[in-house]
Amino acid sequence: MAWLDTIIQGVLLGGLYALFAAGLSLVFGIMRLVNLAHGDLIVLAAFLILMLVSALGLNPFLAALLAMPLMFAIGWALQFFLLNRTLGTDILPPLLVTFGLSIVIQNGLLQGFAADSRRISVGGLESVSVALGPINVGVMPLLTLASAIAVIVGLNQLFYRTSLGRAFRATSDDPVTAGLMGIQPKRIFATATGIAMVVVTIAALYLGTRANFDPTIGPARLIYAFEAVIIGGLGSLWGTLFGGIVIGIAQTFGAAINPEWQILAGHLAFLVVLLVRPRGLFPRAVD
Amino acid sequence: MALLETKGLTAHYGDFQALFGVDIALDPGETIAIIGANGAGKTTLMRSIAGILTNQPKAVLFDGEEIGAMPAPDIVARGIAMVPEGRKLFPSLSVEENLLIGRYGRAVAGHWSLETVYELFPILRERRANPGTALSGGQQQMVAIGRALMSNPRVLLCDEISLGLAPVVIRDIYTAFPRIRAAGASIVVVEQDIGQALKVADRVYCMMEGRITLSGAPAALTREKIHAAYFGVA
């Protein structure tokens, strides 16, 4: 049954990667903006949760709930005042600006919190597990996957069932004509990045409670997020969840063979998908 | 007083000047047509009114307010909706969603709603769940008109709605105009089809090279006058 255990652990790990990726996928899907600071923003949110936990003595889940509106505001302002200025026909300015932002966030966090490794404690919940038939699974990994699914379902509902979601899709199609409908594309983009930062906060909660983090680990999370988005196919949120799970399973299988192979196996899975299906597994029909 | 007025409207694309002091006026309840050859500046004029191109505040007046410098969303909010050239439906949205997005900026009570737009163009009800861009050209044009009507505009700007459509389809679409007028909208149509423009409009403006070269009621315009104003030759 070891292989079944490996698959299940991989699927649960995939939930974390899907959470890393969902915000990236959302922002890219709406404004074709590749945010290279995405991983660092996750780490920033983790430090914000840590601060709320240690300063106010809050439960981490409550702290994350409190951090969400703060991160929404940060995302909204970041998009409205900075990133909107970089959008245009040239794809280079947003890449350069978010790359710079990534360095600024890392160094800001180093300045503020030093290079020490931190962890957010969830009061013993880390070590609690439940038996699913013959397999024992941790409660936190289970919560991670459940949150990832909830985030994907929530974003899909928002996208396809609400007036804001229609405005997102219309603006993504054609911002000039969207303006004729009374939509203000710059505000729509700011709202989208704000929502992406709420998802980032959820990702940060599980990043920070699952393992140690420090100010420099953002870029590696960005790579996993990218791989999940591309495996799933650009623009598909369910694809992003699936992409995260593919990387998760590849990593746990790699680790089962040899612990040194965990990270490499995830990247190899990504390369294989890229070779076989360059547009990802579930590319959006309309692009 | 005119409902919508441009006064000495100019427009530039970089160094190229597209409009040279255009004055037009639209009275409440009126339909006017702008005719002219390709490149005469008709679409530029529409884009300037709709706020896609911005201008001196005083260059466009709507109900006495200076709106020349306002961006498009503010213009829609005041009650001017545009059916853009080439229809510009949103490919990611279904027919019904394309209609619904039309009232994003101005959810004003009035005659037009999803229900009344479907009554105006019954075929759209059948195709409501299709992607907007999966429809025929004429049906897409109906969606574009319906989408603009959904905001219950006081002024409807229609840019080249017959472009690329078969004559029978064009006739179908123009059949809807009396009902649009009856519901209270004043209309500006841009047309290359002079016959169609003379039929639908109370007054006609002819443009050439960024200027108004002729204006008047259809009955007062002879074929020779229009020909001269259109092509610049007598």
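Chain B goes by Branched-chain amino acid transport system ATP-binding protein in an unreviewed UniProt entry, where it is assigned to Mesorhizobium qingshengii. Here chain B is described in UniProt, under the heading Sequence similarities (unreviewed entry), as follows: "Belongs to the ABC transporter superfamily."

Looking at an unreviewed UniProt entry, chain A carries the name Branched-chain amino acid transport system permease protein, with the source organism given as Mesorhizobium qingshengii. Taken directly from UniProt, the Subcellular location (unreviewed entry) text for chain A runs: "Cell membrane". Database annotation for chain A, UniProt heading Sequence similarities (unreviewed entry): "Belongs to the binding-protein-dependent transport system permease family. LivHM subfamily."

**Re the interface of chain B and chain A**
The interface is formed by 22 residues belonging to chain B together with 17 residues belonging to chain A. Elements that contribute at least two residues to the side of chain B that touches chain A include exactly helix 2 (72-78) and helix 3 (95-101) of chain B. In terms of residue class, the side of chain B that touches chain A is made up of 15 nonpolar, four polar and three charged.

**Quick word on the nonpolar core**
Counting residues in hydrophobic clusters, the biggest one holds 162 residues, and the most contacted among them are L19, A45, I49 and V199 of chain A together with L157 of chain B. Residues contacting V199 of chain A, with those up to four places away along its chain left out, are L19, A22, G23, L26 and V151 of chain A.

**Regarding the sheet that holds strand 4 (residues 60-62) of chain B**
All names here are of chain B. On the basis of which strands lie adjacent, the open sheet formed by four strands has the order 2-1-4-5 and antiparallel pairing. Looking at strand neighbours, the two that pair on one side only are strand 2 (16-26) and strand 5 (65-66), the edges of this open sheet. Helix-sheet contacts for helix 1 (residues 42-50) involve strand 1 (4-13), strand 2 and strand 4, and the interaxial angle to strand 2 is about 70 degrees.

**Describing helix 8 (residues 185-210) of chain A**
Taking 1.5 Å as the rise per residue, helix 8 of chain A with 26 residues should run 38 Å; its terminal C-alpha atoms sit 37 Å apart, in good agreement. The buried count for helix 8 of chain A comes to 23 of 26 residues, which makes it a mostly enclosed element.

**Notes on the environment of L61 of chain B**
Residue and element names in this part refer to chain B. Relative to the helices and strands, L61 resides in strand 4. Residue classification places L61 among the partly exposed residues on the basis of 19 C-beta atoms within 10 Å. Along the backbone, L61 and A11 are 50 residues apart, and their C-alpha atoms lie at a distance of 16 Å. Dropping the residues within four chain positions of it, L61 is found in contact with E5, K7 and E66.

**Details of the UniProt feature "transmembrane region" (unreviewed entry) in chain A**
Residues and elements named next belong to chain A. Under the feature "transmembrane region" (unreviewed entry), the UniProt entry names residues 6-29, 41-58, 64-83, 95-115, 135-159, 188-208, 228-249 and 261-278. From the first C-alpha to the last, residues 135-159 spans 36 Å; its make-up is 84% helix and 16% strand. Note that residues 188-208 is 100% helix and 0% strand, and that its end C-alpha atoms are spaced 30 Å apart.

**Some details on the sheet that holds strand 3 (residues 31-36) of chain B**
Residues and elements named next belong to chain B. With mixed pairing, six strands are arranged side by side in an open sheet as 6-7-8-3-9-10. Sheet topology places strand 6 (80-83) and strand 10 (211-216) at the edges, where each strand pairs with a single neighbour. Neighbouring strand axes in the sheet, compared pairwise and without regard to direction, differ in orientation by 20 degrees on average. As paired elements, strand 7 (residues 155-159) and strand 8 (residues 186-191) share five bridges and run parallel to each other. Of the residues in strand 8, the one forming a bridge with L157 is V188. The strands touched by helix 1 within the sheet are strand 3, strand 6, strand 7, strand 8 and strand 9 (203-208), with strand 7 carrying the most contacts at an inclination of about 150 degrees. This element, helix 6 (residues 137-149), spans strand 6 and strand 7 of the sheet and lies at about 170 degrees to strand 6.

Basis of the calculations
- Residues numbered from 1 in each chain as written.
- Chains lettered and ligands numbered in written order.
- Predicted model: local features only at pLDDT ≥ 70, side-chain atom pairs only at ≥ 80, totals over all residues.
- UniProt positions renumbered as here; feature names shortened; annotations may be inferred.
- Contact = placed C-beta atoms within 7 Å.
- Helix = DSSP H or I, 4+ residues; strand = E, 2+ residues; numbered from the N terminus.
- Nonpolar A, V, L, I, M, F, W, Y, C, P; charged D, E, K, R; others polar.
- Core = buried A, V, L, I, M, F, W, Y, C linked by C-beta atoms within 7 Å.
- Buried ≥ 20, exposed ≤ 12 C-beta atoms within 10 Å, placed from the backbone.
- Pairing = 2+ DSSP bridges.
- Axes fitted to C-alpha atoms, helices over the stretch in contact; angles between N-to-C directions.
- Expected span 1.5 Å × (residues − 1).

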